Each structure stands twice: as C-alpha cells, then as structure tokens.
Amino acid sequence: MQEFVDFSKQLARASGDIIMRYFRSDFTVETKSDESPVTIADKQAEEIMREMIMKEYPAHGIIGEEFGNHNEDAAYQWVLDPIDGTKSFVSGTFLFGTLIGLMKDGNPIVGAIHHPLTSHLLIGAGDEARLNDEIVRVRPTRELRDAVMLYTDFIHVGQFQNGIAFQQLLGRTRYNRTWGDCHGYFLLATGYADIMLDPVMHLWDIVALIPVVQGAGGVITSWNGGPPLSGNGIIATNGPLHSQVLRVLIA
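In what follows, the accompanying structure is described. Every value quoted in this text rests on a predicted model; they were computed, and no experiment measured them. (Residues numbered from 1 in each chain as written. Predicted model: local features only at pLDDT ≥ 70, side-chain atom pairs only at ≥ 80, totals over all residues. Heavy atoms only, no water.)

This part is about unusual backbone geometry. Within the chain, Asn 71 stands out as a residue other than glycine whose phi angle is a positive 55°. Note on placement: Asn 71 falls in the loop between strand 4 (68–70) and strand 5 (76–84). For Asn 71, a relative accessible area of 32% corresponds to the partly exposed category. At Ser 119, a position not held by glycine, the phi torsion is positive, near 60°. Note that Ser 119 resides in the loop between strand 7 (107–115) and strand 8 (120–125). (Helix = DSSP H or I, 4+ residues; strand = E, 2+ residues; numbered from the N terminus. Buried < 20%, exposed > 50% of the residue type's maximum accessible area, 1.4 Å probe, protein only.)

Next up on the list: the packing of helix 1 (residues 2–22) against helix 2 (residues 40–56). When two helices pack together, their arrangement is given by the angle between the helix axes and the distance between those axes. Packing of helix 1 against helix 2 brings their axes to within 9 Å, and their N-to-C directions diverge by 155°. Of the possible angle classes, the one that applies to helix 1 and helix 2 is roughly antiparallel. Every pair of crossing elements has a handedness; the one defined by helix 1 and helix 2 is right-handed. In contact with Phe 7, Gln 10, Leu 11, Ala 14, Ser 15, Ile 18, Ile 19 and Tyr 22 of helix 1, helix 2 contributes Ile 40, Ala 41, Gln 44, Ala 45, Ile 48, Met 49, Met 52, Ile 53 and Glu 56. Its residues assigned to classes, the contact of helix 1 with helix 2 shows 13 nonpolar, 3 polar and 1 charged. (Axes fitted to C-alpha atoms, helices over the stretch in contact; angles between N-to-C directions. Parallel < 35°, antiparallel > 145°, perpendicular 65-115°, else oblique. Left-handed = near helix turned anticlockwise from the far one by under 90°. Contact = heavy atoms within 4.5 Å. Nonpolar A, V, L, I, M, F, W, Y, C, P; charged D, E, K, R; others polar.)

So, on to the pattern of salt bridges. Enumeration according to the criterion identifies 8 salt bridges in this entry. The partner of Glu 65 in a salt bridge is Lys 32, and the shortest N-O contact between them spans 3.0 Å. Of the two residues, Glu 65 sits in the loop between strand 3 (61–64) and strand 4 while Lys 32 sits in the loop between strand 1 (30–31) and strand 2 (37–38), which places them 33 residues apart along the sequence. For the salt bridge of Arg 50 with Glu 46, the shortest nitrogen-to-oxygen distance reads 2.9 Å. Highlighted residues: Arg 50 and Glu 46, both in helix 2, separated by 4 residues, approximately one helical turn. Each member of the pair, Arg 50 as well as Glu 46, carries the same accessibility label: buried. (Salt bridge = Lys/Arg side-chain N within 4 Å of Asp/Glu carboxyl O.)

For the rest of this paragraph, the subject is the sheet that holds strand 15 (residues 234–237). The mixed open sheet is built from 5 strands, whose spatial order is 12-11-13-15-14. Whereas interior strands pair on both sides, the edge strands pair on one side only; in this sheet they are strand 12 (175–177) and strand 14 (219–222). Each adjacent strand pair in this sheet contributes to an overall mean axis angle of 15°, direction not counted. Of the strand pairs in this sheet, strand 11 (residues 148–151) and strand 12 are connected by 3 bridges, and their pairing is parallel. Following the sheet pairing, Met 149 is matched in strand 12 by Asn 176. Along the sheet face, helix 5 (residues 163–172) touches strand 11, strand 12 and strand 13 (195–198) and points at about 145° away from the line of strand 11. Sitting on the sheet, helix 9 (residues 242–249) is in contact with strand 13, strand 14 and strand 15, with an inclination near 145° to strand 15. (Pairing = 2+ DSSP bridges.)

Once that is clear, we can look at the packing of aromatic side chains. Enumeration over the complete set of coordinates arrives at 12 aromatic pairs. Cluster of aromatic residues (ring-pair linked, three or more members): Phe 4, Phe 7, Tyr 57, Tyr 76 and Trp 78. (Phe/Tyr/Trp six-rings, centres within 6.5 Å; stacked < 30°, edge-to-face > 60°.)

Next up on the list: the side chain of Thr 237. The topology assignment puts Thr 237 in strand 15. Side chain to side chain, Thr 237 and His 242 meet in a polar contact 2.9 Å long. When neighbours within four sequence positions are excluded, Thr 237 is seen to be in contact with Leu 188, Asp 194, Ile 195, Val 213, Gly 218, Val 219, His 242 and Val 245. (Polar contact = N/O pair within 3.5 Å; in protein donor to acceptor, adjacent residues only side chain to side chain.)

Overall, mixed pairing links the 8 strands, which are arranged 4-3-5-6-7-8-9-10 in an open sheet. Only two strands of the sheet have a single partner each, and these edge strands are strand 4 and strand 10 (134–136). Each strand axis lies, on average, 20° off the axis of its neighbour in the sheet, ignoring direction. In the sheet, strand 3 pairs with strand 4 via 3 bridges, with the strands oriented antiparallel. Bridge pairing in strand 4 places Gly 64 opposite Gly 68. Contacting strand 3, strand 4, strand 5 and strand 6 (97–104), helix 2 runs over the sheet at an angle of about 160° to strand 5. Sheet strands in contact with helix 6 (residues 181–189) are strand 5, strand 6, strand 7, strand 8, strand 9 (128–131) and strand 10, and its direction is about 100° off that of strand 7.

Right, dumping it as structure tokens:
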C-alpha cells in the first residue's frame, strides 16, 4: 500500500505543477456536453498523470474524467479527476483540487485530495488519513444542532434528490456553507466540518474520497445509505451524525 501512496504523491506534485501554471491566467474555458467547464489545465494535468501511470504500472488501468478509460480489464484502476471544482478554478478561488484514487478489483484502496494552491495533500489508505504526512481525524460532533454542513450545489439537490428534505436538514444544522467539491470532503476529514453532501457525482468524483473519509474515521455512503459506489449521490459525515442525516434526507 505504501508504494501506491508514494506514487500518488508523485502524481499530485506533477499535476499540481501544471495546474498552477494556469491559475488566474489567460486561458480558454470550454463547455463540455454536460454543460460543465473544462480548461487546458484539466487536460494537461490528466495527461501527465496518465503518462506517469502507464510508464510506472503498464498493467494497470486508468479511468479519467477528460480522456476516458484505458486497460479496462485490469485489476488495479487509477481514477483521476484532474481538477475537481473547475468552476472554482476558472473563478480564481482556491476551492478546487485534484482527486487521485486507486481501486483494486473494484474496491477503492487509496485516495488523495490535492490542493495545489495551498500545498495541502490529504491521502487516505487503510485505517488512516494523513495531511502532509500528519494523521488527521474527523471531529466527534454528535448532534445536528452543533454540526457544520457543507454541500456543492443547491440547485442540483432539487434536480436529483429530495429538495424539501434537504432544506429541512439545513434548518437543523448549526452552520451550512457551499464550500463544496473536494474541498468539502477535505474539511470533513481534517476535522473542520461534520457533513458533506453531493446529490449527483461520477465515478471519478467519488473513488478518491472513500479512502480519505474512511481513513479519517468518517462514514461515506450513497444518498440512500448504500455503498458509496452504488448510487449517483454521496453523503459523508463524521460517523455519529450519519444515521441522523439519513433519517432526514430519506424520510
């Protein structure tokens, strides 16, 4: 496992160097078929990671947001989202990052969230998560009225999940903010938030998050409480709050 953790660090550094060349620079923002933005930074960051993986682990597969699948039948699959939060990136804010995940036989075993602008690299593997090599844990909040809840996009909740139930949950938490995308899960795993929600996600959005959240002691499931890869939405919490959140959202 340590071998893959170390390699994830190399991928994060290489992709981060490329992304920072373009941050707050003059680049073209393209629109993909799903109306989401993409930039040259997204593409070049994924390209360098794919090149590194194919050189170091030629028998492994790759699932990337921008360039699709490679070696789909391989037991090991690297799952890449070069810029998770491209809307934040193109808006000049720091709430974006790179997601690097590794699955073995369909099970996520290593996950990394890299914030290149702040040089924060959070990696989960096994029963621990480390931020720049220091162990981090979720915090022990036990009541919704004391919880900080984060989410990415309010409009998407109403489009893909029960928007009324979500609004009820908002009213029961202490604070709620749209510090979303991978940054929300980063805050959860490092003990600065208690709940993070996304009503709709793709595989490359989810895989890296699972080892990070679980390694930090949190719980991550699909929106209906199933395995995190079994649905199109995600609920992540510190653990003690998870059943309370589910009761509100799927009542």
